[in-house]
Amino acid sequence: MIKRLLIIGLGSIGKRHLLIARKLLPEADIRILRHKIDKNFPDEADGVFFDISDAIIFAPDAVVLSNPASFHMDLAEQFIKIGCHLLIEKPISNHNNNTHSLLESSQNCEKTILVGYNLRFLSSLNEFKKIIDEGSFGNILSVRCEAGNYLPSWRPDTDYRKNVSAQNALGGGVLLELSHEFDYLSWLFGKIVWVSGWVGKVSDLDIDVEDSANLLLGLGNKGSIICSLNLDFIRHDPVRSCIVIGSNGSLRWNGILGIIEKWNIANNQWDILFTTENDLDESYYREWEHFIDCINNNTKPLTTIDNGISVLEVVEAAKISSENDCTRVYLDNYK
């Protein structure tokens, strides 16, 4: 059981974790660790720390890393050493230079370490995976995937220029911010074997990171499933979707509306197979329920450090490809 919980960072995602944790762990002592000295904290928390030494003395059973990705690795190592369970928000870091040290540390401990790719807990995406795995659409011939949102409209109550997404030093940029796509595509179709494409900034947004990525991914056995993936911070019409084109028809997932449709060949129209409401909010609750279940029953998390490292390897490969005229870059395991 989690009797003492520490949440590091109190941005939008930290507040979300706090609200969910308080509902699921009503008796727990929940504290916040912040870098900004502010004695005020939400009613759902029992206290706040401003120094990591005080947080370590608190000896939490579990820790949520919801601060910028550039600080994740150092903090994760420290709390693994004192025997804490970890929920590390995605991405696990802003680069792949020091993640294998964390992987080694995690393999030598018996604690749960869950990486926060919460889209895997969407009921609509799970249904999408189920339909794909059933194989009723025949051989997968092609995959089309996109995710985008206009960055200034994403969190309208804050200055977008001060958000993590806009700052390279904190792990921003469209590749890391929208890295959910790399994770769920490999979950649906097999590991990403190679990457090619362009990454860069095309807008006049006041940011020092890339705002667009147009990529081709080779997925599954020898990279034989080709996926076209577009990510951006520039479109005013929010989108998160994936279309599978199979030899027996097409299947379409709308991740914002939580709808799955198939193309009806007889009627030449899209028919709804599945629909749900509040899918994204519910995904965070299911993620937390899974985290607690893993701790209580010592079961393997659905999203692990390995998954987080794989995503960072894809991000790195995409940047290398873009810098070299969109040449195909194979991930290390497939060279």
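Each remark here, short or long, concerns the structure printed above.
Residues numbered from 1 in each chain as written. Predicted model: local features only at pLDDT ≥ 70, side-chain atom pairs only at ≥ 80, totals over all residues. Heavy atoms only, no water.

## Observations regarding the overall build of the protein
Counted only if it meets this: Think of it this way: any DSSP run of H or I at least four residues long counts as a helix, any run of E at least two long counts as a strand, and we number them from the N terminus. We call a residue buried when its accessible area falls under 20% of the maximum for its residue type, exposed when it is over 50%, and partly exposed in between, using a 1.4 Å probe and counting protein chains only. In this tally, Asp and Glu contribute negative charge and Lys and Arg positive charge; neither His nor the terminal groups of the chain are included. Taken as the charge location is NZ of Lys, CZ of Arg, CG of Asp or CD of Glu.
Broken down by element type, the protein carries 10 helices and 15 strands. With the C-alpha coordinates aligned to their principal axes, the bounding extent of the protein is approximately 65 × 40 × 40 Å. Per-residue burial over the protein gives 53% buried out of 335 residues. The protein carries 32 positive and 45 negative side-chain charges, and their two centres are separated by 1 Å.

## Focus on the sheet that holds strand E11 (residues 239–246)
Note the threshold: What makes two strands pair is DSSP finding at least two bridges between them. Throughout, a contact is declared for two residues whenever any of their heavy atoms are within 4.5 Å. Fitted lines through C-alpha atoms give the axes, limited to the stretch in contact for helices. The angle between two N-to-C directions lies from 0 to 180 degrees.
The nine strands are arranged E14-E13-E12-E11-E7-E10-E9-E8-E15 in an open sheet whose pairing can be described as mixed. The open sheet has two edge strands with one neighbour each: strand E14 (269–275) and strand E15 (329–330). As paired elements, strand E8 (residues 192–200) and strand E9 (residues 212–219) share eight bridges and run antiparallel to each other. Bridge pairing in E9 links tryptophan 194 to glycine 218. The strands touched by helix H5 (residues 123–134) are strand E7 (140–148), E11, strand E12 (249–254), strand E13 (259–264) and E14; relative to E12, the strand with the most contacts, the crossing angle is about 165°.

## A look at helix H10 (residues 305–323)
What counts here: In a helix, the anticipated span is given by 1.5 Å times the number of residues less one.
An ideal rise of 1.5 Å per residue puts 27 Å on 19 residues; H10 measures up with 27 Å between its terminal C-alpha atoms. Looking only at H10, the buried set comprises Ile305, Gly308, Ile309, Val311, Leu312, Glu313, Val314, Val315, Ala317, Ala318, Ser321 and Ser322. Of the residues flanking the end of H10, it is aspartate 325, one or two places downstream, whose phi is positive at about 55°.

## Comments concerning the packing of aromatic side chains
The following threshold applies: Aromatic rings from Phe, Tyr and Trp, with only the six-membered ring used for Trp, were paired whenever their centres fell within 6.5 Å, and each pair was classed as stacked if the ring planes differed by under 30 degrees, edge-to-face if by over 60, and tilted otherwise. In our convention, an over-ring charge means Lys NZ or Arg CZ found within 6 Å of a ring centre and within 35 degrees of that ring's normal.
A complete count under the given rule lists six aromatic pairs for this structure. Ring geometry for tyrosine 184 against tryptophan 253: centres 5.4 Å apart, planes inclined by 80°, an arrangement best described as edge-to-face. With tyrosine 184 in helix H8 (residues 180–189) and tryptophan 253 in strand E12, the pair connects residues that are 69 residues apart, well separated along the chain. Side by side, tyrosine 184 and tryptophan 253 carry an identical accessibility label, which is buried. Of the aromatic side chains, those joined through ring pairs into one cluster are Phe128, Tyr184 and Trp253. Arginine 155 extends its terminal NZ or CZ atom over the ring of tryptophan 154, reaching a point 5.3 Å from the ring centre. Seen from the ring of tryptophan 194, arginine 328 lies directly overhead, with NZ or CZ sitting 3.6 Å from the centre.

## Remarks on H5
Look at H5: 17 Å from first C-alpha to last across 12 residues, which is about the 16 Å you get at 1.5 Å a residue. In the segment just after H5, glycine 135 is the residue with positive phi, at about 80°.

## Some details on the pairing of E13
If a strand is regular, its side chains alternate between the two faces of the sheet. Bridge count between E12 and E13: four bridges; the pairing is antiparallel. In the sheet register, arginine 252 faces E13, and the bridge partner there is glutamate 261. Here E13 folds back onto E14 in antiparallel fashion, the turn holding four residues, of which asparagine 268 has a positive phi close to 55°.

## Observations regarding the side chain of aspartate 61
Put simply, the test is: Any pair of nitrogen or oxygen atoms within 3.5 Å is treated as a polar contact; in protein, a donor-acceptor pairing is required on top of that, and neighbouring residues in sequence qualify only through side-chain atoms on both sides.
Mapped onto the fold, aspartate 61 is located in the loop between helix H2 (52–58) and strand E4 (62–65). Within the structure, the side chain of aspartate 61 is placed 2.8 Å from the backbone nitrogen of lysine 3, a separation counted as a polar contact. When residues no more than four places from it in sequence are discounted, the contact partners of aspartate 61 are Met1, Ile2, Lys3, Arg4, Cys84 and His85.

## A short note on the nonpolar core
This is how the line gets drawn: Take the buried residues of types Ala, Val, Leu, Ile, Met, Phe, Trp, Tyr and Cys, join any two whose side-chain atoms come within 4.5 Å, and each joined set is a nonpolar core.
Phe128, Leu175, Phe182, Leu185, Phe189, Leu215 and Leu217 are the most contacted members of the largest nonpolar core, which totals 76 residues. Per element, the largest residue contribution to this core is eight residues, and it comes from H10. Those residues in contact with phenylalanine 128, other than ones at most four positions away along the chain, are Leu188, Cys242, Val244, Leu251, Arg252, Trp253 and Ile260. Counting residues in each nonpolar core, the second largest holds 23 residues, with Ile7, Ile13, Leu25 and Ile32 among its members.

## Things to note about the sheet that holds strand E5 (residues 85–89)
Strand pairing in a sheet relies on backbone hydrogen bonds, with the paired strands running either antiparallel or parallel. Ordered in space as E3-E2-E1-E4-E5-E6, the six strands form an open sheet in which the pairing is parallel. The open sheet has two edge strands, strand E3 (47–49) and strand E6 (113–116), and neither has a second partner. Within the sheet, the average angular offset between the axes of one strand and its neighbour, ignoring direction, is 20°. With three bridges joining them, strand E2 (residues 29–33) and E3 adopt parallel strand pairing. Within the sheet, the bridge partner assigned to leucine 33 lies in E3 and is phenylalanine 49.

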